[in-house]
Amino acid sequence: MQLECGNRRLDLSRPRVMGVLNVTPDSFSDGGAFLAAGQAVARAREMVAEGADIIDIGGESTRPGADPVSIEDELTRVIPVIEALHGQVDALLSVDTSKPEVMRAAVAAGADIINDVCALQAPGALEAAAEGGAAVCLMHMQGEPRTMQADPRYENVVTDVAGFLRQRVAAAEAAGMARARLLVDPGFGFGKTLAHNLSLLKHLPDLVDSGVPVLVGLSRKSMIGKLLDLPVERRLQPSVALAVIAVMQGARIVRVHDVAPTVQALAMCAAVEQAE
Ligand SMILES: Nc1nc2[nH]c(SCC(=O)O)nc2c(=O)[nH]1
């Protein structure tokens with residue numbers, strides 16, 4: 001199984017690690033720490049050295065309650081980092097954005113993957129994503145970051161999310177994107193209660209059956225805090241455990257803050273997968 005990212009390919013026959021690089025002043029886990037492009041580039045290099053296959057660069061926090069960011073501010077934050085990293089690190093570059101203007105500029109600057117928590121629903125996003133050839137991650141979110149955790153409700157969260165993602169895959173293909181360029185993601189924590197998140201993880205194989213590789217983001221999320229009553233800075237071990245569970249449920253890419261421990265854990269998953 002290969003993911004087509006422009007003229008590059010990512011072999012998904014073994015699970016891959018996407019390192020989170022928040023270039024925002026209010027990101028929930030390292031807000032402000034990497035605002036300066038120089039610090040962001042250093043952090044990216046650190047994650048690549050730890051084994052990250054992809055660096056996910058985000059200029060707008062989408063944690064619950066986050067305020068929207070202007071196009072200009074998002075461009076100012078992410079483009080210099082993509083330009084500085086392009087061709088300089090042995091990892092694919094992903095841009096975490098929902099804005100078509102940022103998608104176009106990021107791909108032009110060297111982004112290999114568009115990671116859209118809104119699954120290309122913004123006006124012009126399908127066209128922007130189609131034209132550059134980058135891979136695209138289509139993620140499910142109910143509502144918007146500011147209000148999505150108020151009172152999320154579903155008929156059946158698994159079939160609702162799976163149906164939405166199937167529809168977004170169809171829309172992307174209709175816009176001219178080959179299926180080999182696509183990823184789907186249930187969007188843990190994006191308009192979901194703890195029960196919804198646990199059900200989605202338990203039934204992840206239903207999503208895997210869609211034939212499009214699955215990416216998940218569970219790292220340091222509030223579902224861990226709710227289950228174990230742990231603050232963000234003490235969620236490493238459960239985050240690694242959730243990455244292993246997701247991979248054993250069929251996920252092929254995990255989006256994480258703590259790269260080295262996740263790389264180690266997924267190397268063991270890969271060894272077991274490949275054993276006789
Ligand atoms: N594809 C994808 N992109 C993401 N961006 C964020 S930002 C919030 C956080 O890291 O807690 N989460 C996710 C996720 O779960 N999947």
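Residues numbered from 1 in each chain as written. Predicted model: local features only at pLDDT ≥ 70, side-chain atom pairs only at ≥ 80, totals over all residues. Heavy atoms only, no water.

Per an unreviewed UniProt entry, the chain goes by Dihydropteroate synthase and derives from Thiohalobacter thiocyanaticus. Regarding the chain, the UniProt comment filed under Sequence similarities (unreviewed entry) reads as follows: "Belongs to the DHPS family." Per UniProt, the chain carries the Cofactor (unreviewed entry) text "Mg(2+)". (UniProt positions renumbered as here; feature names shortened; annotations may be inferred.)

Trainee: Honestly, the packing of helix α5 (residues 157-174) against helix α6 (residues 194-202) in this entry has me stumped. Any pointers?
Mentor: For any two helices packed against each other, one specifies the inter-axial angle together with the distance between the axes. Running from N to C, α5 and α6 cross one another at 65°; their axes reach a closest spacing of 9 Å. Taken as axis vectors, α5 and α6 run roughly perpendicular relative to one another. For the pair α5 and α6, the crossing hand works out as right-handed. When α5 is examined against α6, the residues Val 157, Val 158 and Val 161 are found in contact with a partner set consisting of His 196, Ser 199 and Leu 200. Partitioning the contact of α5 with α6 into residue classes produces 4 nonpolar, 2 polar and no charged. (Axes fitted to C-alpha atoms, helices over the stretch in contact; angles between N-to-C directions. Helix = DSSP H or I, 4+ residues; strand = E, 2+ residues; numbered from the N terminus. Parallel < 35°, antiparallel > 145°, perpendicular 65-115°, else oblique. Left-handed = near helix turned anticlockwise from the far one by under 90°. Contact = heavy atoms within 4.5 Å. Nonpolar A, V, L, I, M, F, W, Y, C, P; charged D, E, K, R; others polar.)

Trainee: Would you mind going over the state of the cysteines with me for this structure?
Mentor: The bond known as a disulfide is covalent and runs between the sulfur atoms of two cysteines. Per the stated rule, a full pass over the model turns up 0 disulfides. Free of any disulfide, Cys 118 has its nearest neighbouring cysteine sulfur in Cys 137, separated by 12 Å. Judged by relative accessible area, Cys 118 falls into the partly exposed class, the value being 26%. Relative accessible area serves as the criterion here: at 0%, Cys 137 is assigned to the buried category. (Disulfide = S-S within 2.5 Å. Buried < 20%, exposed > 50% of the residue type's maximum accessible area, 1.4 Å probe, protein only.)

Trainee: How should the side chain of Asn 115 be read in this particular structure?
Mentor: Looking at where Asn 115 falls in the secondary structure, it is placed in strand β6 (residues 113-116). For Asn 115, the residues in contact, after removing those within four places along its chain, are Asp 56, Ser 94, Val 95, Asp 96, Thr 97, Cys 137 and Arg 255.

Trainee: Looking at this structure, I do not really get the site of the ligand. What am I missing?
Mentor: Neighbouring the ligand are 13 residues, the closest being Asp 96, Asn 115, Asp 185, Lys 221 and Arg 255. The fraction of the free accessible surface of the ligand (390 Å²) that becomes covered by protein chains is 95%. The set of elements that each furnish at least two residues to the shell around the ligand consists of β7 (135-139) and β9 (215-217). (Near = heavy atom within 4 Å. Areas by Shrake-Rupley, 256 points an atom, 1.4 Å probe, with all protein chains shown as cover.)

Trainee: I keep staring at the pattern of salt bridges and nothing clicks. Help me out?
Mentor: A side chain of one charge can pair with a side chain of the opposite charge when the charged atoms of the two come close. What the rule picks out here adds up to 13 salt bridges. The salt bridge involving Arg 16 is made with Asp 53; its shortest N-O contact spans 2.9 Å. Here the residue Arg 16 occupies a position in strand β3 (residues 16-22), and Asp 53 occupies one in the loop between α1 (37-49) and β4 (54-58), the gap between them amounting to 37 residues. On the basis of relative accessibility, which here comes to 10%, the residue Arg 16 falls in the buried class. Close ionic contact of Arg 179 with Glu 173 constitutes a salt bridge, the shortest N to O distance being 3.1 Å. (Salt bridge = Lys/Arg side-chain N within 4 Å of Asp/Glu carboxyl O.)

Trainee: Explain α6 to me, please; I cannot follow it from the model alone.
Mentor: An α-helical turn contains 3.6 residues, so a residue and the one three or four places further along point in the same direction. Along α6, the residues classified as buried are His 196, Asn 197, Leu 200 and Leu 201. For α6, the angular spread of the buried residues around the axis is 130°, confining them to a single face. Pointing more than 90 degrees away from the buried face of α6 are the exposed residues Ala 195 and Lys 202. If you follow the buried residues of α6, they end up packed against α5, α7 (204-208), α8 (222-228) and α9 (236-248). (Arc of directions from axis to C-beta.)

Trainee: Honestly, the pairing of strand β8 (residues 182-185) in this entry has me stumped. Any pointers?
Mentor: A two-sided burial pattern is seen for β8, the buried positions comprising Leu 182 and Val 184 on one face and Leu 183 and Asp 185 on the other. Of the pairings in the sheet, the one linking β7 to β8 comprises 4 bridges and is parallel in character. Looking at β8, one finds that Met 139 is bridged to Asp 185. Once you follow β7 into α5 and on to β8, the crossover reads as right-handed. (Pairing = 2+ DSSP bridges. Right-handed = clockwise from strand over helix to strand, strands pointing away.)

Trainee: Which parts of the structure should I look at to understand the side chain of Lys 221?
Mentor: Relative to the helices and strands, Lys 221 is located in the loop between β9 and α8. For the buried Lys 221, which has no salt bridge, the nearest side chain bearing the opposite charge is Asp 185, at an N-O separation of 6.6 Å. Once residues lying within four places of it in the same chain are set aside, the contact partners of Lys 221 are Phe 188, Phe 190 and Arg 235. (Lys, Arg positive; Asp, Glu negative; His and termini not counted.)

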